[in-house]
Amino acid sequence: MSDIVLSKGIRGNLLSLMSTADLRDRTQYRLSTGKKVNTALDNPGNFFSAAMLNSRATDITNLLDGIGTAIKTLEAADNGIRSIVRVVENAQALARQAQGSAATTARLGGVLPMINGAQGGMTMQTPLADMGFAATETITITTGTNRTTTLTIASGMTVGDLVNAINDNTEAASATGTGVTIGSTSGADARALLSPDGRLVVQAIGTQPLTISSSNAGTALTNMGFDVADRSKLAGEINVTRSNIAAQFSELRRQIDQLAKDSGFNGVNLLNADTLQAMFNERQTSSLTITGVRFSVSEDLAIGDQQNRFQTDADINDALAELSQAMSMLRSQSSAFGSNLALVQIRQKFTQEMANTLKTGADNLVLADMNEEGANMLALQTRQQLSTQALSLANQADQSVLSLFG
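Residues numbered from 1 in each chain as written. Predicted model: local features only at pLDDT ≥ 70, side-chain atom pairs only at ≥ 80, totals over all residues. Heavy atoms only, no water.

Draft legend 1. Examining the sheet that holds strand E7 (residues 190-194) more closely. Across the sheet, which stays open at both edges, the three strands sit in the order E1-E8-E7 with antiparallel pairing between neighbours. Two strands bound the open sheet, and with one partner strand each, they are strand E1 (107-108) and E7. In terms of strand pairing, E7 meets strand E8 (residues 200-204) through five bridges, oriented antiparallel. Within the sheet, the bridge partner assigned to Ala190 lies in E8 and is Ala204. Across the face of the sheet, helix H3 (residues 159-167) comes into contact with E7 and E8 while running at roughly 155° to E7. (Pairing = 2+ DSSP bridges. Helix = DSSP H or I, 4+ residues; strand = E, 2+ residues; numbered from the N terminus. Contact = heavy atoms within 4.5 Å. Axes fitted to C-alpha atoms, helices over the stretch in contact; angles between N-to-C directions.)

Shown next, in the form of structure tokens:
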């Protein structure tokens, strides 16, 4: 090229054509990549800002896997609770069915007592003195040879103290310091409760005769509701229906534990006292920690096994009370997990939208306007054609010199 002499017009048009070609190539590259900033050389500020935004969007997007796992873990726990609730409902139905089958063991029901001279129902807080019992006197329940429970009355003792003495028929009762002594073999095989109308009901656990007696030779037992004819009952028999229901109750209780153990997800079980942490930002400064519960029948739910094959109403009432308490706990925990689940789902949606915002912001910095680049390409093609035509005209001016040698 240095040996070839071009006229000023040709050189000017050639440079213009080269510039147009460069612009066309750049526009074609933008159209093919969709970006106006492809390297740091194109626009350092926009290039590195977009890279930073995309990097944070990637970090936030990676958190979605953990958040999704947290959601599934909470859903698994909620499924477990709902299943346990259904089992507890079945257990309640069984206990009520047992309650509807008449007890057949010996039972002392009595009549409405006389309290301070007036007939009316007792409560657990009714003082024994209100029925004529005095300090140092005794009330004894007997169900067999050496199977007795005796309450030595002290000042201020109540009907509740008597009920507790009868129901606690273990050797430990003699060491409680509450005036309770038991026979040389064990306490009386009996359970006691207050009926809805306030009568004291004592029932034998098995096939034993049942007797209530007192060292008070007066009318104290009569005032309590036990006439002479109502102070003893012959041996009864085991209610087979209640026994069968008790066995089913024990099986349902075992199933509750199995359901709780099977309610985990990805190694985390919120019904087995595990802890779940959901992380919400890439700096690990925003999170939610969910503490699990131990929903076993021997732990948080506290559902005891059936006692005495459900032969006494007191044992059935105790079971129903425990089931009711467990149901309240299940519903409360279900509500707590539901609240946590809603919060994690809100953060999941927030994270998705934030990642989309960051990516959109990065794209705004580097993406090309395809309409604008298309218009540029059309204009450059027109300019290239014009430059080519101008170069041809400039060349014709030099060719006119040849006519001098014609």
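Draft legend 2. Structural context of the environment of Asn46. Structurally, the position occupied by Asn46 is in helix H2 (residues 44-100). Given the relative accessible area of 21%, Asn46 is considered partly exposed. Separated by 281 residues in the primary sequence, Asn46 and Met327 place their C-alpha atoms 60 Å from one another. Ignoring anything within four residues of it in the chain, the contact list for Asn46 reads Val37, Leu365 and Val366. Of note is the side chain of Asn46, whose polar atom sits 3.2 Å from the backbone oxygen of Leu365. (Buried < 20%, exposed > 50% of the residue type's maximum accessible area, 1.4 Å probe, protein only. Polar contact = N/O pair within 3.5 Å; in protein donor to acceptor, adjacent residues only side chain to side chain.)

Draft legend 3. Examining the confidence of the model for the protein chain more closely. Of the residues in the protein chain, 91% reach a pLDDT of 70 or more, and the chain-wide mean stands at 86. Within the protein chain, no element has a lower average pLDDT than helix H7 (residues 370-399), which sits at 71, and none a higher one than helix H5 (residues 240-261), at 95. (pLDDT = per-residue confidence, 0-100.)

Draft legend 4. Broad picture of the packing of H2 against H5. As a packed pair, H2 and H5 sit with axes 10 Å apart at the nearest point and diverge in direction by 170°. As summarised for this structure, H2 and H5 are arranged roughly antiparallel, according to the angle between their axes. Facing Ser83, Ile84, Val87, Val88, Asn90, Ala91, Leu94, Gln97, Ala98 and Gln99 of H2, the residues of H5 in contact are Arg242, Ile245, Gln248, Phe249, Leu252, Ile256, Leu259 and Ala260. Split into classes, the residues belonging to the contact of H2 with H5 amount to twelve nonpolar, five polar and one charged. (Parallel < 35°, antiparallel > 145°, perpendicular 65-115°, else oblique. Nonpolar A, V, L, I, M, F, W, Y, C, P; charged D, E, K, R; others polar.)

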